[in-house]
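Letter by letter, the chains look like this.
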Amino acid sequence: MEPTQACAIQTCLSKNNYNESKCASYVEALYRCCDTMYKKAEKEGKSADEAKSTACPMREVVSRRMKSITK
């Protein structure tokens, strides 16, 4: 995730009193980016722990969220 994207999420959330539903497109983009990162790591034979990012939730959280996004 690019720093400007992370800033856009934070800006949106703070402008909307941290109401995630008002920033859904930014939050969804974050989860998609994290999902891509974890999938790439898995293809490279790395564990989820090795693919950590300070911007991404744990793999299990991302997987759950992606199921709800793709429905």
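Residues numbered from 1 in each chain as written. Predicted model: local features only at pLDDT ≥ 70, side-chain atom pairs only at ≥ 80, totals over all residues. Heavy atoms only, no water.

Note the following rule: UniProt positions are given in the numbering used here, feature names are shortened, and annotations may be inferred rather than shown by experiment.
According to the UniProt record, the Subcellular location (unreviewed entry) comment for the protein is "Mitochondrion intermembrane space". Turning to the protein, the UniProt record has this under Sequence similarities (unreviewed entry): "Belongs to the CMC4 family."

## So, the overall build of the protein
Quick reminder of the rule: Helical segments are the DSSP runs of H or I of at least four residues, strand segments are the runs of E of at least two, and each set is numbered from the N terminus. Pairs of residues are marked as contacts when any of their non-hydrogen atoms sit within 4.5 Å.
When helices and strands are tallied, the protein shows three helices and zero strands. The linear arrangement of helices and strands in the protein, starting from the amino end, is α-α-α. In terms of principal-axis extent, the alpha carbons of the protein reach across some 40 × 30 × 15 Å. Residue pairs in contact within the protein that sit at least 24 positions apart in sequence constitute 38% of those at least 6 positions apart.

## Remarks on the pattern of salt bridges
Inclusion rule: For this analysis, a salt bridge means a side-chain nitrogen from Lys or Arg found within 4 Å of a carboxyl oxygen belonging to Asp or Glu. A 1.4 Å probe rolled over the protein chains alone gives each residue an accessible area, and that area as a share of the maximum for its type sets the label: buried under 20%, exposed over 50%, partly exposed in between.
Evaluated as defined, the whole model comprises six salt bridges. Between Arg65 and Glu20 there is a salt bridge, and its shortest N-O distance comes to 2.5 Å. Residue Arg65 is found in helix 3 (residues 59-69), and its partner Glu20 is found in the loop between helix 1 (3-15) and helix 2 (24-43); the two are separated by 45 residues along the sequence. Classification of Arg65 as partly exposed rests on a relative accessible area of 26%. Among the salt bridges present, the one from Glu28 reaches Arg32, with a minimum N-O distance of 2.9 Å. Here Glu28 and its partner Arg32 are both found in helix 2, four residues apart, which amounts to about one turn of the helix. Since its relative accessible area comes to 30%, Glu28 is described here as partly exposed. Of the residues examined, Arg32 reaches a relative accessible area of 37% and is grouped as partly exposed. Here the salt bridges share partners, and the residues they tie into one network are Asp35, Lys39, Glu42 and Arg59.

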